[in-house]
Amino acid sequence: MDVDSSSLQQWQQKVLELTLLSQERGDPALLWGVEVTKCLLEAGLQVPSVELGQLLISNLCWSNNGPMLWKYIEQAMRTQLLNSLHILALLTSRVIPYRQPQPEAYRLYLELLNRYAISSAFLDVASSQEKTVKAVDEALQLSQIFGTPVTELGQTAVLFLFTVISDLLDATAEDWGLQAGWSEKQCILTGSTGQYDMEIDVENDINEKRHRHQENLRRTNPVMAMEVIGKLMEHKRTSSLLRLARQNMPEQWSGLFQRLKLYESQSSLSNSKTATELFIQLSCCIQRGISQEFQPSQHRTIRALIDTESSTSLFEHNHGVGRAASWLPFDMFMEDAMEGKQLPTTSAIEILAELIKSLQAVNGASWQETFLGLWIAALRFVQRERDPLEGPVPHLDTRLSILLSITPLAVMKIIEEEERILQSEGNIAIGDFATMNKLDKVRKGLGTRRAASVSSLKILGQFEGLLVPPQSVVSAANQAAAKAANLVSSLDGRNASFDGLSSNDNSSRTGGNMWHLIVEACIARRLVDSSAYIWPGYVGELVLPHSTAVEASPWSAFMEGATLSVSLKNTLIATPASSLAELEKVYHIAINGLDEERIAAASILCGASLIRGWNVQEHTVRLVVKLLSPPAPPEYHGSGSHLVAYAPLLYTVLLGVTSTDTVHVLSLYGLFPEVAVALMPICEIFGSISPTVPQTLNSGEDISVYMVFSCAFLLLLRLWKFYRPPHEHCLLGKGAPVASELALEYLLLLRNNHLASSFNTTSENSTKENDQYLVERPSVLGSNLPEAKIPVKGQIPGTSSPTQPVFIDSFPKFKAWYCQHKACIASTLSGLVRGNPVHQIADRLLNMMYRKTSKGGTLVSTPGASTSSSLTSSSGSIGEEASLRPLLPAWDILGAVPFVVDAVLTACAHGRLLPRELTTGLRDLVDFLPASLAAIVSYFTAEVTRGVWKPASMNGTDWPSPAANLQNIEAEIKEVLAATGVHVPSLMVGGNAPATLPLPLAALVSLTITFKLDKASEFLHGVAGPALESTAAGRPWPSTPIVAALWAQKVRRWHDYIVFFSSRTVFKQDKHAVVQLLRSCFAAALGSSNSLMSKLTVHGGVGALLGHGFRSHLAPGGMSPVAPGFLYMRTNRAIYDIMFITEEILSLVVEAARGLSTMGMNEQCGQTGKSAYRLKSCQLSLATAMAKVKQASTLGASLLCVTGGSGLVQMLYQETLPTWFLSGNGTKPRIGSNLSILEGYAIAHFSILCGACAWGINNSSLSKKRAQIINYHLEFMVSALQEKISVGCEHATWRTYVLGFLSMMITCAPNWISDVNLETLRKLATGLRRWREPELALALLEGGGRTAMSAAAEFVMSF
């Protein structure tokens, strides 16, 4: 309660008189304390009393500096009449500056500090906390010194302790004659410079004995001060408080240790052995004390679980249980990157780099282990498709790009991140142990990421089975080996015997392998230098041919100025470039040369350098994308767009990037948003121009406005997957693919966000990094298109700057078509009025398409047309045929195409148009304007989903018949599924029912099988193929087998590919089939002996899970069984409803934990009673079971993340896990608590790994979303810990889950903790204390950062 000033003065006078009287009488301290307590109660003051402390210390310093008063103060501190924190703060500010004239007081102060600085009553001020904090702050000027308001008790304690140690250190150094490292000593506490500001009355006639006593105290007090500091640092409580200071006040902490090292150095120069030893001991003591951070291996509950793999070989059998299973997410990520049905929002380099860091942290592995696991996974990834099936999917070239370009760039990104920290070492103070510990680790041999990377590359040469090159790259591998051999030969001074390797020699016996290609790729990225050539076994045992000399690179001749002739051009197209300078010269010709030179240069850039120029691929893709936005020539002053003059160049580039592998390479580098922004002005401009006479090149090829537009338009549509059926354009539930991802606006939003991110990057280091990884960060690539003419909002198309956001409103023609496209999806066509320009264009198109079809009768008419506008027979000449073609801008034609298609499909449905004539007319329309295929596909896919059209009989008369091979296709699909343990009774094979398809689907498949399979038609297949597959998969069985049978008849070499991809349809429509496949994945990976697929599960591991791609070998009877994991990786993107998968995978992880742990017990221990299941017994079996449990959780996390990404992980945290724990899902009676412990750990590891893979462990763009989800989940934990809700599972399972989850979050993902609400952290710490887990609770609070410093300090002082 508050006391008025007059009453307070009366009370103070009374206390002073009482104290003086007690001193005169020599009253015991206890009696004095009783009397003072009465006075406090009478005055209505709280205990401990801030007012009493201020009164006594003011009286003590220095008018009443007697021994009795010191005793009284000590008694008051012991009985908590006074708060020790407050009293020590007052004494610190008053005694230390006057330690020389008052050595006795200084000694007594040190004694009090030694006793009460670590007292449990340090923070016992609940009744007067605000007063105490304010008083301590005023006494020590904490707010002023540290530049932050001091308002909390824990914060005050940390700052007080840091201040005391700092002042004692400075005072001791000054007493020993040492000087601070700056001209004016900065005393944190008082600001004094060593001079005494006030004179203390000292009796002149003091006797000699007392004088000697004081001198002795002055001599010994510094030593005692150092001892007090050392004792404080050795105490667990104070060392924890100082650790908080180090973590949250790095600048002040660095200053303290700079002075400490300076004092240590000065004392050694002054030959003060005692001082030097004490400073060294203090430095070691402080480092030892504050370095005692929480380690999960010290945790008694999970100690046996974390280190289960200590005795396991690094990569045991490569396919079995062991450390190799920890790197399964690498395999799954790479396989998922091959799936073309997803829209990548960022580059695979950035995603893989984050995954590498996450797995290294979660697995607790060294960087050498991590990089080796990465390289082995990448090699497995390539070997998985040494002999891929033929089909329109990414093949070996894309896999090699991931191995030799994406992976080295991801490793380089991680290494440079660490080296930027090392570069700042000169700016890191000696005492910054948070950073210095990292620096110490990276200095120790293989501890550095670069050294670990080099070491892993050396070890990689031992995995000979994975290093055998595919036949297509044997020549490149031989060349890489010969290059190294020649260099080693020249260094050794020997007669080179390796010059005989020919680039045309594809014999695998020459010795070059994937190791040589990987090393060359790493040398190109400066991950390693040419000293790798002298590694043991790198060239020493090679057997190289001697018949032919190595051919000179055509690029050398080109760089020396050779004319770009046809032969040189063709050679350069087929030979990858080896340097950025070569690529830049080609790009310069493409921009500034003549038309023929531009075409040649564009063809070179889009040739082997783009697909197989692995050492420079990141530069090639950047330059190719820049070619899509060429700058305006200096002499250009026209009113139109300069892009028209670049038509031959643009056409060449567009054709060059339309192949499946090339598009996929662009997606790997995250360039879809940038490519889309480059394509939109091309579409807008060329689609608005009326066609003229095609331009004929020297090669004889015609380039028309329609072809440039169509190539650009269809490529743009492929980027945002417009062909998905309408029912995929809606939300499928929380966490499912979002509708916006299927919209063009999403691509533009990504690009604009990348652009904004690039503007926010201002630091020198970040700029340097972005310059190197131009192709890695789409935002940076955008900033490297300085002359691209990309329209933005409010500007004329073709005249804008790429440094501004791009909106679809800037492209009116494109926007009009886009709105029509969405309207076509949403509802049937309507509103076309006769006489409308669109109606007139539609009639002209119909006349062009069916000029020879009718013989006087009405066959086809557009909506609203009368018989006078009907199509009649026409047998005109070629000139008449040309006159029928509407030479209109492409956008005008596209606007009429949906009405044309609707008219012809309606006519066919009513018998006025034969199916063959329908197909022929549509093909004529596509030949006339290839871009019209987009409108045809959009219309047909929408109409199929409406279900209003009658079925078409695929009888071979009206429509093509699948009868010749339909039953075989169906049977083979069932075989593929059965081989992976999936049995679907509803799949009927054979039967007498006629094969039918919905009329729009029949028309679509009939149209697509008329397209040629050549390079010139790839841009058509890139749109039509996925649309046909997706549309057929959405229809009931057997629509997909019918479509598959028809295409298998057309392209027999695609048979196996068609069968395999048709088998995915089952999982789109049958959840039970998905569950069966998931179970098969777990059985294969874990080597379950009970699995029906015994031939795939002998050893388990990655090999059994993913197998060897489409075919394990070239089986004479067709396809070999496909591994279940490989089938799932090609299926998961096709599953409509993925919401149930989270719960299924969690159940499988738990089921594996229960089954595997029990199996391990039974195998090793037998059924000998409950005592046999103790954790201390059967340690070998527990270790084996734990390794498989971890393997199961790793598999579950990998499957979950590739299926639904962060959306399903969010559902796991917010819905699935809480529901599972509350319901006790699947709980069964236990025979021992150890099994429950393993189960809880499996769920914890699964959850952490899911979060790490989905969100990363560092701060990123996902940090805000991640923080919300983590907070939600931890609040659920708090509710259970506070017993507001009760969990239904066993307590041992729940306890292990909580402890395991929090322990791994602290050690593996500390950045997650800093995002957690402070109140949630407090409640978690309280709950953990009730579980007798104080170390874990403190580590959790420490991870909360500066905002949680006070809470952590209060927690420290409370136990």
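Residues numbered from 1 in each chain as written. Predicted model: local features only at pLDDT ≥ 70, side-chain atom pairs only at ≥ 80, totals over all residues. Heavy atoms only, no water.

Re the overall build of the chain
Piece 1. Across its full length, the chain carries 59 helices and four strands.
Piece 2. A buried classification covers 59% of the 1359 residues belonging to the chain.
Piece 3. At a minimum sequence separation of 6, the contacts of the chain that also span at least 24 residues come to 77%.
Piece 4. Split by element, the accessible area of the chain, about 53,000 Å² in all, is 52% carbon and sulfur. (Helix = DSSP H or I, 4+ residues; strand = E, 2+ residues; numbered from the N terminus. Buried < 20%, exposed > 50% of the residue type's maximum accessible area, 1.4 Å probe, protein only. Contact = heavy atoms within 4.5 Å. Areas by Shrake-Rupley, 256 points an atom, 1.4 Å probe, with all protein chains shown as cover.)

Regarding the environment of L153
Piece 1. If you trace the backbone, L153 turns up in helix α9 (residues 153-175).
Piece 2. Taking relative accessible area as the criterion, L153 reaches 3% and is therefore assigned buried.
Piece 3. Counting along the chain gives 23 residues from L153 to E130, while the straight-line C-alpha distance between them is 8.0 Å.

Some words on the packing of helix α25 (residues 580-592) against helix α26 (residues 595-605)
Piece 1. α26 packs onto α25 with a crossing angle of 145 degrees between their chain directions and a minimal axis gap of 7 Å. Note that α25 runs across α26; the crossing there is left-handed. Contacts from L583, V586, Y587, I589, A590 and I591 in α25 reach E597, R598, A601, A602, I604 and L605 in α26.
Piece 2. Across the contact of α25 with α26, the residue classes break down as 10 nonpolar, no polar and two charged. (Axes fitted to C-alpha atoms, helices over the stretch in contact; angles between N-to-C directions. Left-handed = near helix turned anticlockwise from the far one by under 90°. Nonpolar A, V, L, I, M, F, W, Y, C, P; charged D, E, K, R; others polar.)

Description of the pattern of salt bridges
Piece 1. All told, the structure shown has 40 salt bridges when counted by the stated rule.
Piece 2. The salt bridge partner of E174 is R99, with a shortest N-O separation of 3.3 Å. In this pair, E174 sits in helix α9 while R99 sits in the loop between α5 (84-95) and α6 (103-116), placing the two residues 75 residues apart along the sequence.
Piece 3. Its relative accessible area of 28% is what places E174 among the partly exposed residues.
Piece 4. Classification of R99 as buried rests on a relative accessible area of 7%.
Piece 5. The closest approach of N and O atoms between D809 and K815, which form a salt bridge, is 2.9 Å.
Piece 6. The class for K815 is partly exposed, based on a relative accessible area of 32%.
Piece 7. Each of D331, E335, R380, R384, E385, R399 and R1130 takes part in salt bridges that share partners, so that together they form one network. (Salt bridge = Lys/Arg side-chain N within 4 Å of Asp/Glu carboxyl O.)

Structural notes on helix α4 (residues 67-78)
Piece 1. Spanning 12 residues, α4 covers 17 Å between terminal C-alpha atoms, matching the ideal 16 Å at 1.5 Å per step.
Piece 2. Of all the residues in α4, the buried ones are L69, W70, Y72, I73, E74, Q75, A76 and M77.
Piece 3. Where α4 is buried, its residues touch α1 (5-25), α2 (29-43), α3 (50-60), α5 and α6.
Piece 4. Following α4 by one or two positions, Q80 has its phi on the positive side, about 65 degrees. (Expected span 1.5 Å × (residues − 1).)

Some details on the packing of aromatic side chains
Piece 1. One pass over the full model with this rule turns up 36 aromatic pairs.
Piece 2. An aromatic cluster is built from Y1213, W1220, F1221, W1255, F1276, W1294, Y1297, F1301 and W1312, whose rings are joined through pairwise contacts.
Piece 3. Positioned over the ring face of F381 is R399, at 4.4 Å from the centre of the ring.
Piece 4. Above the plane of the ring of F558 lies K585, whose end atom (NZ or CZ) is 4.7 Å from the centre. (Phe/Tyr/Trp six-rings, centres within 6.5 Å; stacked < 30°, edge-to-face > 60°. Lys NZ or Arg CZ within 6 Å of the ring centre and 35° of its normal.)

Topic: unusual backbone geometry
As a rule of thumb, non-glycine residues mostly have phi less than zero, and peptide bonds are mostly trans rather than cis.
Piece 1. Cis geometry marks the peptide bond from V47 to P48, where omega comes out at 0 degrees.
Piece 2. In this structure, the amide linkage connecting W1037 to the following residue, P1038, adopts the cis form with an omega of 10 degrees.
Piece 3. Of note, the phi angle at R526 is positive, near 65 degrees, even though the residue is not glycine.
Piece 4. Inspection of the secondary structure puts R526 in the loop between α22 (514-524) and α23 (554-559).

Points about the environment of V1150
Piece 1. In this structure, V1150 sits in helix α51 (residues 1141-1165).
Piece 2. For the pair V1150 and A1242, spaced 92 residues apart in the sequence, the C-alpha separation amounts to 7.0 Å.
Piece 3. Beyond its immediate stretch of four places on either side in the chain, V1150 contacts W1220, E1239 and I1243.

Here we look at helix α48 (residues 1071-1086)
Piece 1. Given a rise of 1.5 Å per residue, 16 residues ought to cover 22 Å, and the 23 Å separating the end C-alpha atoms of α48 matches this to within 8%.
Piece 2. For α48, the tally of buried residues reaches 13 of 16 residues, placing the bulk of the element in the interior.
Piece 3. Regarding α48, its N-cap is D1070, as a side-chain oxygen of that residue lies 2.9 Å from the backbone nitrogen of H1072 further along. (Polar contact = N/O pair within 3.5 Å; in protein donor to acceptor, adjacent residues only side chain to side chain.)

Things to note about the nonpolar core
If you look at soluble globular proteins, the nonpolar side chains tend to sit buried side by side.
Piece 1. Within the largest apolar cluster, 424 residues are counted, with the highest numbers of intra-cluster contacts made by F713, F814 and L1302.
Piece 2. The element that contributes the greatest number of residues to this core is helix α52 (residues 1179-1223), accounting for 17 residues.
Piece 3. With sequence-adjacent residues up to four places away left out, F713 is seen in contact with C683, F814, W817, W891, L894, A931 and A934. (Core = buried A, V, L, I, M, F, W, Y, C linked by side-chain atoms within 4.5 Å.)

Focus on the confidence of the model for the chain
Atom-level detail of predicted coordinates should not be read off regions where pLDDT is low.
Piece 1. On average, residues of the chain score 79 in pLDDT, and 76% of them reach the 70 mark or higher.
Piece 2. Considering each helix and strand of the chain separately, the mean pLDDT is smallest for helix α35 (residues 778-783), with a value of 29, and largest for α22, with 95.
Piece 3. pLDDT under 50 marks residues 494-509. Its contacts with residues more than four places away, or in other chains, come to 46 contacts. (pLDDT = per-residue confidence, 0-100.)

Some remarks on the packing of helix α11 (residues 236-248) against helix α59 (residues 1349-1357)
Piece 1. Their axes nearest at 9 Å, the elements α11 and α59 cross at an angle of 170 degrees. On the basis of their axis angle, the class for α11 and α59 is roughly antiparallel. Residues R237, S240, L241, L244 and N248 of α11 touch α59, and the partners they reach there are M1349, A1352, A1353, V1356 and M1357.
Piece 2. Its residues assigned to classes, the contact of α11 with α59 shows seven nonpolar, two polar and one charged. (Parallel < 35°, antiparallel > 145°, perpendicular 65-115°, else oblique.)

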